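What follows is each chain in one-letter form.
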Amino acid sequence: MTSIDSLLHENRTFPPSPEFAAQAIAQPEIYEAAAADRLGFWAEQARALHWHTPFTQTLDWSDAPFAKWFADGRLNVAYNCLDRHVEAGHGDRVAIHWEGEPGDQRTITYAELTAEVKRAANAIAALGVGQGDRVAIYLPMIPEAVVAMLAVARLGAIHSVVFGGFSSESLRARIDDAEAKLVITADGGWRKGRVVTLKDTVDAAIEADITDGKPSTIEHVLVVKRAENDIAWIEGRDLWWHDALAAAPAEHEAEAFEAENPLFILYTSGTTGRPKGILHTSGGFLTQTAYTHQNVFDLHPETDVFWCTADVGWVTGHSYMVYGPLANGATQVMYEGTPDTPHPGRWWELIEKYKVTILYTAPTAIRSFMKAGREVPDRFDLSSIRLLGSVGEPINPEAWIWYRDVIGGGKVPVVDTWWQTETGAIMVSPLPGITAAKPGSAQVPLPGISIDVLDDDGKPVGPGKGGLLVITEPWPSMLRGIWGDPERYVDTYWSKFGDKYFAGDGAHYDEDGDLWLLGRVDDVMNVSGHRLSTAEIESALVSHPIVAESAVVGAADETTGQAVVAFVILRVEHAEDHTTEEAAVLLRGHVSEAIGAIARPRNIFIVTELPKTRSGKIMRRLLRDVAEGRAVGDTTTLADTTVMEAIADRLSGGVRSED
Ligand code: WTA
């Protein structure tokens with residue numbers, strides 16, 4: 001560790017090696033080209049795609065903040081990710097090296113993936129899905145997840161992928177909001193050596209009684225056979241994926257859709273209890289995911305093996321496992337399970353086996369590997385790695401250096417990439433052959449992207465001072481809105497600074513002009529790189545009959561970045577029924593059922609009062625102090641200044657479990 005300490009204290013940067021810089025796709029001129037003619041630069045990136053009808057307009061911002069990019073052009077997203085590579089003679093290139101958690105494997109070429117997507121598109125169309133219809137996808141990390149997304153896209157329909165860890169209630173809320181008519185799922189998937197019974201969750205989600213008798217909009221359930229677990233079956237409604245595909249014609253011609261045809265909805269947590277359906281469209285999204293994937297990861301499709309470890313249920317899986325890499329004709333690794341199943345070296349084993357050259361993962365994973373010790377990765381040959389990427393949360397410099405040293409052999413570029421579900425693609429990141437990397441900083445906006453850091457009044461803060469990150473110009477892969485709620489879109493992102501996009505993140509520039517991200521400034525937590533809203537968890541807690549009131553905060557956590565910590569007041573009539581420990585266990589399970597295991601609080605503290613201002617607003621700052629074990633800050637604005645002492649007194653009642 002001494003070497004890491006001294007590196008950090010030297011505040012060192014890591015320029016790319018001359019060999020890397022020489023072969024890099026992005027060369028320094030790219031910054032000048034983008035700065036000289038921003039829209040021309042984006043148009044050029046877009047022209048790298050295949051357009052059935054070329055566009056003549058680049059950006060239409062006349063109805064700001066509702067953007068249109070490449071609006072008069074027409075394309076098919078799936079054709080761009082599949083057919084065109086086959087037509088260019090790359091049909092035999094491997095698209096996906098897939099590995100199931102139990103160790104089963106599949107190798108899928110571009111020709112095979114194209115054929116599978118064509119059949120799937122026909123099968124899905126036969127169920128009445130056409131342009132603009134919504135299809136929910138609730139699948140494990142199996143190739144069919146990619147096939148399903150591309151098949152839906154091929155039809156001009158809209159997918160809404162729901163992370164397989166979400167509960168039936170969360171799934172139902174997303175199905176209802178999007179009014180999906182089809183859900184594609186699997187009997188089960190493998191996770192930590194066990195079968196996760198996805199079809200059961202779908203069945204429960206569709207049942208009418210989950211929403212007081214209101215029937216769901218789902219007409220059919222298409223089921224991939226994966227784990228061979230027993231499932232319930234409703235004749236007529238449920239269909240096996242393999243039967244449907246076998247019955248479907250093999251040929252499917254990709255129809256062209258307008259560039260602004262919606263591609264997908266992806267739900268993410270906001271500051272209220274209701275998740276937001278972030279809407280992305282076709283041409284701009286594909287342009288920026290392909291461009292960033294190529295330049296940030298320096299992708300050489302003939303030789304690289306790319307592995308993005310994100311689940312397809314999150315935006316990183318959409319942009320950097322499906323659309324960006326496949327648009328670029330990349331060869332990828334896809335893995336179903338958890339990093340430590342059946343042994344703690346599983347990821348490193350896969351890297352050695354498939355000779356992965358580019359790895360893209362999250363700081364939480366890196367920190368948990370650090371904790372387990374370098375002996376685990378040291379047992380494997382990781383010499384194929386030539387680039388490392390990080391996403392999802394700020395990466396602390398220690399983890400950055402460990403990542404580069406232990407996984408990257410002390411010599412490869414590390415790119416820390418900042419972006420959001422809403423931005424669709426990477427916005428701030430070093431370029432690996434150009435930028436001298438600085439551990440802990442996401443550094444610079446990509447060519448074509450304009451970022452600033454403002455104070456509350458909208459004035460640029462300048463170096464050294466903290467402020468709010470904004471995006472000052474529209475970008476191709478920007479969200480086009482919130483599904484069904486244009487007002488919330490304007491309110492959330494555009495009301496604070498008018499013509500600038502408010503990201504909800506704190507940031508500052510250092511003296512070199514490099515950006516440092518400081519975490520969320522709103523009531524959104526970031527747990528293991530996943531966004532969770534305090535309000536959503538609070539409402540899950542108060543939906544339990546024993547809870548009177550609750551307050552949730554994100555507290556710093558060594559491994560997961562932040563952890564969910566809940567303060568709960570029990571109803572008087574139930575206060576005696578359970579020990580505080582029992583109540584905490586009960587409520588953790590309840591949150592898990594209501595939202596999903598990722599939302600389960602790390603700690604639940606049973607308290608008798610919550611700190612509130614005179615206007616009744618909960619002072620989360622004080623609860624965060626308690627949750628992080630700090631001396632409690634200024635309490636003078638509390639309605640009752642003794643509350644915090646009472647809470648501190650009861651803290652021994654907190655329960656922490658590690659599952
Ligand atoms: C955070 C994930 C610091 C940030 C792609 C953002 C980061 C939220 C970074 C978006 C990073 C993501 N450094 N913070 N490199 N990347 N974040 O929508 O708070 O799941 O607003 O998208 O994650 O999370 P989301």
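Residues numbered from 1 in each chain as written. Predicted model: local features only at pLDDT ≥ 70, side-chain atom pairs only at ≥ 80, totals over all residues. Heavy atoms only, no water.

1. Some thoughts on the site of the ligand
Next up, step 1: Taken together, 17 residues lie near the ligand, and D416, T417, T421, D505 and R531 sit nearest.
Next up, step 2: Here the ligand, which alone exposes 530 Å², has 96% of that area covered by the protein.
Next up, step 3: Secondary structure elements with two or more residues in the shell around the ligand: helix 13 (315-327), strand 20 (414-417) and strand 25 (515-520). (Near = heavy atom within 4 Å. Areas by Shrake-Rupley, 256 points an atom, 1.4 Å probe, with all protein chains shown as cover. Helix = DSSP H or I, 4+ residues; strand = E, 2+ residues; numbered from the N terminus.)

2. Thoughts on the sheet that holds strand 7 (residues 158-161)
Next up, step 1: If you trace the 8 strands from one edge of the open sheet to the other, you get 12-11-8-6-7-14-15-23, paired in mixed fashion. With one partner strand each, in any of the chains shown, strand 12 (238-240) and strand 23 (481-482) form the two edges of the open sheet.
Next up, step 2: Bridging between strand 14 (residues 262-268) and strand 15 (residues 276-281) involves 6 bridges; their strand directions are antiparallel. Looking at strand 15, one finds that L266 is bridged to I278.
Next up, step 3: Where helix 13 meets the sheet, it contacts strand 7 and strand 14, and its direction lies at approximately 145 degrees from that of strand 14. (Pairing = 2+ DSSP bridges. Contact = heavy atoms within 4.5 Å. Axes fitted to C-alpha atoms, helices over the stretch in contact; angles between N-to-C directions.)

3. A word on the nonpolar core
Next up, step 1: Core analysis: the biggest nonpolar cluster contains 157 residues, and L150, I184, F297, Y323 and I537 have the highest contact counts within it.
Next up, step 2: When residues of this core are sorted by domain, at least three fall in each of domain 1 (450-521) and domain 2 (528-658).
Next up, step 3: Formed by 31 residues, the second largest nonpolar core is a distinct cluster that contains L350, L359, I407 and V412. (Core = buried A, V, L, I, M, F, W, Y, C linked by side-chain atoms within 4.5 Å. Buried < 20%, exposed > 50% of the residue type's maximum accessible area, 1.4 Å probe, protein only. Domains from an automatic or database assignment.)

4. So, the sheet that holds strand 24 (residues 501-509)
Next up, step 1: Read from one edge of the open sheet, 4 strands run 21-22-24-25, paired in antiparallel fashion. Among the strands making up the open sheet, the edge pair consists of strand 21 (451-454) and strand 25. Going across the sheet, the axis of each strand differs from the next one's by a mean of 45 degrees, ignoring polarity.
Next up, step 2: With 5 bridges joining them, strand 24 and strand 25 adopt antiparallel strand pairing. Within strand 25, the residue paired with Y509 across the bridge is L515.

5. Observations concerning unusual backbone geometry
With the exception of glycine, most residues fall at negative phi, and the peptide bonds are largely trans.
Next up, step 1: In this structure, the amide linkage connecting A64 to the following residue, P65, adopts the cis form with an omega of 5 degrees.
Next up, step 2: Mapped onto the secondary structure, P65 falls in the loop between strand 1 (59-60) and strand 2 (68-69).
Next up, step 3: Unusually for a residue other than glycine, F70 sits at a positive phi of about 55 degrees.
Next up, step 4: One non-glycine residue, Q443, adopts positive backbone phi at about 75 degrees.
Next up, step 5: Structurally, Q443 can be placed in the loop between strand 20 and strand 21.
Next up, step 6: On the basis of relative accessibility, which here comes to 1%, the residue Q443 falls in the buried class.

6. Here we look at the domain arrangement of the chain
The figure often quoted for interface size is the accessible area lost as the parts come together.
Next up, step 1: The domains assigned to the chain are domain 1 (450-521) and domain 2 (528-658).
Next up, step 2: The gap between the C-alpha centroids of domain 1 and domain 2 is 29 Å.

7. Quick look at the environment of P215
Next up, step 1: Note that P215 resides in the loop between helix 10 (198-206) and strand 11 (220-224).
Next up, step 2: Taking the C-alpha atoms as reference points, P215 and T642, separated by 427 residues in sequence, lie 49 Å from one another.
Next up, step 3: Not counting residues within four places of it along the chain, the set of residues in contact with P215 comprises R172 and A208.

8. What about helix 12 (residues 283-296)?
Next up, step 1: Helix length check: helix 12 (14 residues) gives 20 Å between terminal C-alpha atoms against 20 Å at 1.5 Å per residue, within 8%.
Next up, step 2: Positioned one or two residues after helix 12, D298 has a phi angle of 50 degrees, which is positive. (Expected span 1.5 Å × (residues − 1).)

9. What about the pattern of salt bridges?
Next up, step 1: In this structure the tally under the stated criterion is 36 salt bridges.
Next up, step 2: Notably, a salt bridge pairs D512 with K438, separated by 2.6 Å at the nearest N-O pair. In this pair, D512 sits in the loop between strand 24 and strand 25 while K438 sits in the loop between strand 20 and strand 21, placing the two residues 74 residues apart along the sequence.
Next up, step 3: Taken together, the salt bridges that share partners define one network made up of E99, R346, E349 and K353. (Salt bridge = Lys/Arg side-chain N within 4 Å of Asp/Glu carboxyl O.)

10. Quick look at the packing of aromatic side chains
Next up, step 1: Under the criterion given, the structure shown has 32 aromatic pairs.
Next up, step 2: The interplanar angle of 35 degrees and the centroid separation of 4.7 Å between the aromatic rings of F163 and W314 together place this pair among those described as tilted. Here F163, found in the loop between strand 7 and helix 9 (168-178), pairs with W314, found in the loop between strand 16 (305-308) and helix 13; they are 151 residues apart in sequence, far enough to count as distant.
Next up, step 3: Its relative accessible area of 15% is what places W314 among the buried residues.
Next up, step 4: Plain terms: the ring middles of W494 and Y501 are 5.8 Å apart, the flat faces sit at 70 degrees to each other, and that makes the pair edge-to-face.
Next up, step 5: You can call W494 buried: its relative accessible area is 6%.
Next up, step 6: An aromatic cluster of three or more residues is present, and its members are W61, F66, W475, Y489, Y493, W494 and Y501.
Next up, step 7: Looking at R106, its charged tip hangs above the ring of W98, at a distance of 6.0 Å from the centre.
Next up, step 8: Above the plane of the ring of F502 lies K496, whose end atom (NZ or CZ) is 6.0 Å from the centre. (Phe/Tyr/Trp six-rings, centres within 6.5 Å; stacked < 30°, edge-to-face > 60°. Lys NZ or Arg CZ within 6 Å of the ring centre and 35° of its normal.)

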